[in-house]
Amino acid sequence: VVTSFFFAVYLSLYRIYVHTKKRNIMRVTNRNASTSNAPVCIRSRSLISACFTPCIDFDITPEMEEENVVKFKEVHDDPADENEVVLVGEERHFDEAIEVEGCKQILAALTEEEKGHLSDAHMTLRYFRAEKGNVPHAISKIKASLAWRRDFEVEKIKNCFTPTGDITMRKIIAQENETGKIYARGYDKDGRAILYLHPGLENSNNEMNNMRHLVYSLERAIAATAKKSGREKFNIVISYKGFKLKNAPAISVVRHTVDILQNHYPERMYRAYVCDPPLVFRTFWSIVKPFIDPVTRDKLQFCHGKAGRHVLMDRFDLETTERCACGTRELRAFNSTEYLNAPLWKTFDE
């Protein structure tokens, strides 16, 4: 599943590029250069509160009133302050008024039951952005994702290590995770979690359990990022140390991975760093790279040699990253039991 994750990332980025070229609609440039890159959130508190009251309690934090940041607390969490998350979001794609209106239309198309299953306050915004402002497409995609989250039992997966978590699911995730093939550890300089993938440590050929573990890992990186910085995207570091062709996934696993990443976790990946990839990957990338949009191309970084080190140094504190990502310190070995039994919003060794 780790190798298929890499192919899925590439395919997803390429499809986004093609999609953008074909449908470059509603592209809006911020007129105010000083705020064009500022993290934003939907500012209509009444709109958000009305839709999320069944599952989330919203309030504006007094100390951040100027930025009008939405503060939310999931009701199943411990009411202690450490479980309160301030969601500040990511860089806007459109003018704020357009994004608010688009989200309002998407929310209006959802049933009360569907609204109650939205993962967070910005889920509609991510789908609006992923579909380049096409509201009908965003509505169709988010409805499909909400149904998928229910059928795939995402909540059961992400909460399986809580005291009341599902025991069967806990055993599945524990078995898939025991070699440390995927886990979150540390953050980039902006507080986005780093999800490490080690294809050489693949230990399972059960497709469904692989996908469950993938979803658990994505949810964990998302939760850690939200808790740390209020952002919504995470980084991926793929280390090909010890990788062999026998670790290559079946085509069905690749397709399943692509489907999950592209259709159910849009606007979640910030950057993917492929560290010391096999020559065949680097060759393939060098061929297709000139034909890919620069914004899309920047999301996938092949890191090897001195140039790769500089790329990683720009985004990460190398004293806290692993050796495979040019880390300068020998970090503690991964411990699956410790990792899985920590709160979902903590990365390993945090």
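Residues numbered from 1 in each chain as written. Predicted model: local features only at pLDDT ≥ 70, side-chain atom pairs only at ≥ 80, totals over all residues. Heavy atoms only, no water.

Novice: Even after reading the chapter, I still don't get the sheet that holds strand β8 (residues 300-303), so can you show me in this structure?
Specialist: Hydrogen bonds along the backbone pair up the strands of a sheet, which may run parallel or antiparallel. Spatial ordering of the open sheet is given by β4-β5-β6-β7-β8, a layout of 5 strands whose pairing is mixed. Only two strands of the sheet have a single partner each, and these edge strands are β4 (182-187) and β8. Taking each pair of neighbouring strands and ignoring which way they run, the sheet shows an average axis angle of 25°. Bridge count for strand β7 (residues 269-275) against β8 is 4 bridges, and the pairing is parallel. Paired with A272 across the bridge in β8 is L300. Its contacts with the sheet place helix α9 (residues 207-229) against β4, β5 (193-197) and β6 (234-239), and it is angled at close to 155° to β5. Against the sheet, helix α13 (residues 305-315) touches β7 and β8, its axis set at about 150° to β7. (Pairing = 2+ DSSP bridges. Helix = DSSP H or I, 4+ residues; strand = E, 2+ residues; numbered from the N terminus. Axes fitted to C-alpha atoms, helices over the stretch in contact; angles between N-to-C directions. Contact = heavy atoms within 4.5 Å.)

Novice: Before we go on, may I ask you to explain the packing of helix α5 (residues 123-130) against helix α6 (residues 135-151) in this structure?
Specialist: To characterise two packed helices, one gives the angle between the axes of the helices and the distance between these axes. Where α5 meets α6, the axes come as close as 9 Å, and the angle between the chain directions of the two elements is 130°. Viewed along their axes, α5 and α6 adopt a mutual orientation that is oblique. Classified by chirality, the crossing of α6 by α5 is right-handed. Taken together, the residues of α6 that come into contact with α5 (itself represented by M123, T124, Y127 and F128) are V135, A138, K141, I142, S145, L146 and R149. (Parallel < 35°, antiparallel > 145°, perpendicular 65-115°, else oblique. Left-handed = near helix turned anticlockwise from the far one by under 90°.)

Novice: How should the packing of helix α8 (residues 167-177) against α9 be read in this particular structure?
Specialist: Look at α8 against α9: their axes get within 9 Å of each other, and the N-to-C directions meet at 90°. When the axes of α8 and α9 are compared, the pair comes out roughly perpendicular. Of α9, the residues touching α8 (which contributes M169, I172, I173, E176 and N177) are N209, N210, R212, H213 and Y216. A breakdown of the residues in the contact of α8 with α9 according to their chemical character gives 4 nonpolar, 4 polar and 2 charged. (Nonpolar A, V, L, I, M, F, W, Y, C, P; charged D, E, K, R; others polar.)

Novice: Can you walk me through empty space enclosed by the protein in this structure?
Specialist: Where empty space is left becomes clear once a probe the size of a water molecule has been rolled over the atoms. Within the structure shown, the criterion is met by 2 cavities of 30 Å³ or more. Here the second largest cavity defines a volume of roughly 30 Å³. If you go around the second largest cavity, the residues you meet are E90, R126, R129, E232, K233 and E267. For the lining of the second largest cavity, a count of residues per class yields no nonpolar, no polar and 6 charged. (1 Å grid on protein atoms, 1.4 Å probe; cavity = no way out; pocket = protein on both sides within 12 Å on 5 of 7 lines; lining within 4 Å. Points joined across faces, edges and corners; volume = space filled by probe spheres on them.)

Novice: Is there a simple way to think about the pattern of salt bridges in this case?
Specialist: Close approach of charged atoms allows side chains of opposite charge to pair. According to the stated counting rule, one finds 27 salt bridges in the structure shown. Among the salt bridges present, the one from E99 reaches R129, with a minimum N-O distance of 2.9 Å. One end of the pair, E99, is in helix α3 (residues 96-108); the other, R129, is in helix α5, and 30 residues separate them in sequence. Look at E99 and you get buried, because its relative accessible area is 4%. Residue R129 is classed as buried on the basis of its relative accessible area of 4%. Linking E153 and K156 is a salt bridge whose minimum nitrogen-to-oxygen distance equals 3.0 Å. Look at E153 and you get partly exposed, because its relative accessible area is 31%. With a relative accessible area of 32%, K156 lands in the partly exposed category. Each of the salt bridges in this network shares a partner with another, and the network as a whole consists of E90, D188, D190, R192, R231 and R315. (Salt bridge = Lys/Arg side-chain N within 4 Å of Asp/Glu carboxyl O. Buried < 20%, exposed > 50% of the residue type's maximum accessible area, 1.4 Å probe, protein only.)

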